[in-house]
Amino acid sequence: MLGNTLAGGVDSPVRAGAAVGGEPFVQARGAGAYAYDAGGRRYIDYLMAYGPLLLGHAHPAVTRGLDAIAARGVVFGSTHDDELVLADRIRTHLPSMERLRFATTGTEAVMGAIRVARAFTGRPAIVKFGGNYHGHSDLALLGAGASAHTRDAQAAGIPASTLDDLGIARYNDLDDLDLVLESAPIRGRLAAIIVEPICGNMGLVPPMPGFLDGIIARARARDALVIFDEVITWPRFGLGGAQGRHRHRPDLTTLGKNLGGGFPLAAFGGRADVMRVLAPDGPTFAGGTHAGNPFAVAVGLRALDFLEAKPQVFGHMRALGARLAAGIRAALDRFRLDYAVINLESVVDFKFRTGHATRNYDDQTRADARAYAAYYHEMRARGILLPPSQNEVMFLCTEHTEADIDETLTAFEESLKALRRGPHG
Ligand code: PMP
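Conventions we followed
- Residues numbered from 1 in each chain as written.
- Predicted model: local features only at pLDDT ≥ 70, side-chain atom pairs only at ≥ 80, totals over all residues.
- Heavy atoms only, no water.
- Helix = DSSP H or I, 4+ residues; strand = E, 2+ residues; numbered from the N terminus.
- Rg over C-alpha atoms; globule rule 2.2 N^0.38 Å.
- Buried < 20%, exposed > 50% of the residue type's maximum accessible area, 1.4 Å probe, protein only.
- Domains from an automatic or database assignment.
- Contact = heavy atoms within 4.5 Å.
- Buried area = accessible area lost by both parts, 1.4 Å probe.
- Salt bridge = Lys/Arg side-chain N within 4 Å of Asp/Glu carboxyl O.
- Pairing = 2+ DSSP bridges.
- 1 Å grid on protein atoms, 1.4 Å probe; cavity = no way out; pocket = protein on both sides within 12 Å on 5 of 7 lines; lining within 4 Å.
- Points joined across faces, edges and corners; volume = space filled by probe spheres on them.
- Nonpolar A, V, L, I, M, F, W, Y, C, P; charged D, E, K, R; others polar.
- Near = heavy atom within 4 Å.
- Polar contact = N/O pair within 3.5 Å; in protein donor to acceptor, adjacent residues only side chain to side chain.
- Areas by Shrake-Rupley, 256 points an atom, 1.4 Å probe, with all protein chains shown as cover.

Enquirer: Which residues make up the overall build of the chain, and what are the values?
Expert: Of regular secondary structure, the chain possesses 14 helices and 14 strands. Whereas a compact globule of 425 residues would reach a radius of gyration of roughly 22 Å, the chain reaches 21 Å, a difference of no more than 12%. Dimensions along the principal axes, computed over C-alpha positions, put the chain at roughly 65 × 55 × 45 Å. Split into buried and exposed, the 425 residues of the chain put 55% on the buried side.

Enquirer: Which residues make up the domain arrangement of the chain, and what values do they have?
Expert: Under the domain assignment used here, the chain contains domain 1 (7-59 + 313-421) and domain 2 (65-309). Taken over C-alpha atoms, the centre of domain 1 sits 26 Å from the centre of domain 2. Across the boundary between the two partners, domain 1 contributes 30 residues, which contact 32 residues of domain 2. Carbon and sulfur atoms make up 65% of the area that domain 1 and domain 2 hide from each other, which totals about 2600 Å². When the area that domain 1 buries against domain 2 is broken down by residue, the three leading residues are Phe-314, Leu-344 and Tyr-361, summing to 23%. Linking domain 1 to domain 2 there are 2 salt bridges.

Enquirer: If you had to explain the sheet that holds strand S1 (residues 27-31) to someone new, which residues and values would you point to?
Expert: Pairing in this open sheet of 4 strands is mixed, and the strands run S1-S2-S3-S13 from one edge to the other. Both edges of this open sheet fall to S1 and strand S13 (384-385), since each of them pairs with a single strand only. As judged from the 4 bridges shared by S1 and strand S2 (residues 34-37), these two strands associate in the antiparallel manner. Residue pairing across strands places Arg-29 opposite Tyr-36, the latter belonging to S2.

Enquirer: Tell me about the pattern of salt bridges, residues and numbers included.
Expert: Per the stated rule, a full pass over the model turns up 24 salt bridges. Across the salt bridge formed by Asp-173 and Arg-170, the nearest N and O atoms sit 2.8 Å from each other. For Arg-170, a relative accessible area of 31% translates into the label partly exposed. Glu-345 serves as the salt-bridge partner of Arg-318, at 3.1 Å between the closest nitrogen and oxygen.

Enquirer: With reference to specific residues and values, describe empty space enclosed by the protein.
Expert: Counting across every chain of the model gives 4 cavities of 30 Å³ or more. Of the pockets and cavities examined, the largest cavity occupies roughly 130 Å³. Along the wall of the largest cavity there are 18 residues; nearest its centre are Leu-55, Asn-258, Gly-261, Ala-303 and Leu-307. Considering each element in turn, the lining of the largest cavity owes the most residues, 4 residues, to helix H10 (residues 294-309). Taken together, the residues that form the lining of the largest cavity break down as 12 nonpolar, 6 polar and no charged. For the lining of the largest cavity, the two domains that each supply at least three residues are domain 1 (7-59 + 313-421) and domain 2 (65-309). If you add up the space inside the second largest cavity, you get close to 80 Å³. As for the second largest cavity, its lining consists of 13 residues, of which Asp-349, Phe-350, Lys-351, Tyr-372 and Met-394 are closest to the centre. Mapped onto the lining of the second largest cavity, the elements with two or more residues apiece are strand S12 (347-354) and helix H13 (369-381). The element best represented in the lining of the second largest cavity is S12, accounting for 4 residues. Looking at the lining of the second largest cavity residue by residue, the class counts come to 8 nonpolar, 2 polar and 3 charged.

Enquirer: How would you summarise the layout of surface pockets if you had to cite specific residues and measurements?
Expert: Rolling a probe over the atoms, with the probe sized like a water molecule, indicates the empty space that remains. Its boundaries defined by the atoms lining it, the second largest pocket holds a volume of some 690 Å³. If you go around the second largest pocket, you meet 31 residues; those closest to its centre are Glu-83, Leu-84, Leu-100, Arg-101 and Phe-102. Of all the elements in the fold, those that place two or more residues in the lining of the second largest pocket are helix H3 (81-93), strand S4 (99-103) and helix H9 (272-275). In terms of residue count, H3 provides more of the lining of the second largest pocket than any other element does, 5 residues in total.

Enquirer: Could you give an account of the side chain of Asn-391, with specific residues and numbers?
Expert: Following the sequence through the fold, Asn-391 ends up in the loop between S13 and strand S14 (394-395). On the basis of relative accessibility, which here comes to 6%, the residue Asn-391 falls in the buried class.

Enquirer: Tell me about the site of the ligand, residues and numbers included.
Expert: Close to the ligand lie Thr-105, Gly-106, Thr-107, Tyr-133, His-134, Gly-135, Glu-196, Asn-201, Asp-229, Val-231, Ile-232 and Lys-257. Within the backbone of Tyr-133, an N or O atom sits 3.2 Å from a nitrogen atom of the ligand. The contact in question runs from a nitrogen atom of the ligand to an N or O atom on the side chain of Lys-257, over 2.8 Å. Protein coverage of the free-state accessible area of the ligand, which is 390 Å², stands at 83%. Residues of the shell around the ligand, tallied by class, amount to 3 nonpolar, 6 polar and 3 charged.

In structure tokens form, the structure reads like this:
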């Protein structure tokens, strides 16, 4: 049978849709805000490839004339001008990234940032937050959000010794962070605290006032570094990223997803004195065959050109996000469902759980997974593509329209009705 050779039938576990059951969605193509299945059916796409499609699928600003870029050659193995230009352009928007280096995936960017932090401080321990996702390296997976719940390190192929240098604190909880910082593996050994400055991997969870400042103060007090993982948030939350919203200046930042305009490209960088540990200036290695791939960099430049030339697209997405969130809120009210709806810019989210909005991963794991699964399939049957896991969020792109939102809200109302009737109508 076709597909038997691909392990588990997927290249990334969430795609199998185990959390919602049923047949996994198989996509034939995408155009703008729409995904199409093999039968040619159109879906309004809120998956947006889990974030990178800020401009939607195959936006002409990104895809027009790609053969001219390919004709220059798609990978060099030498330095090229575009990567120098893109690095400078990123720095104008994210001044904390005084020096940066390109990588291919968010996973690698985080690995690079963590290694640099350890080399610079001469210390091994890292503190992260439960429900944040930083890629699939050993250390990053433990306590991770997204679809990467890794409960048993050994069974997951992760050496138990990884925990010797790792602390996992509760998001939005500085008291818990203090406990972790004073715990045996961390105390006196802290290299860095890594955080999603707005979390998008346990649903959408904004930092509570003072949380990010508290992290920075605690790291500074220990001569340790702070890494903002902006793989989702830049430039989705504006060209200044999450750090620009409240003028935070992390020591290191990681970028990915949107950076390549949909092509695989990532980066890590920060303080010039810290980044100086990297070879050839220093003793610390990070690099790769496709690091700064010229094709992906060229596409990334085009995406950035577009966003710089048309900043109004952020306003468009903000308005649509607000319209979608307000419509969902109103429908939930009509059905007397007391679920918190969260919206920031182009991201919208709610969980099947009553009470306050999610603040941390403990809240998130109390959401009703069966209700979400049924809801996912009701929406899909009505031509709306949602993430097949409640740890994810709804992403909008520049190409969504008010009509898309209204169609989604009609499907939402009908889906709630169907859910109320129960599985047998
Ligand atoms: N950091 C964050 C915040 C992410 O959301 C992700 C991917 N979901 C990663 C890192 C890892 O990126 P990649 O999948 O490109 O390895």
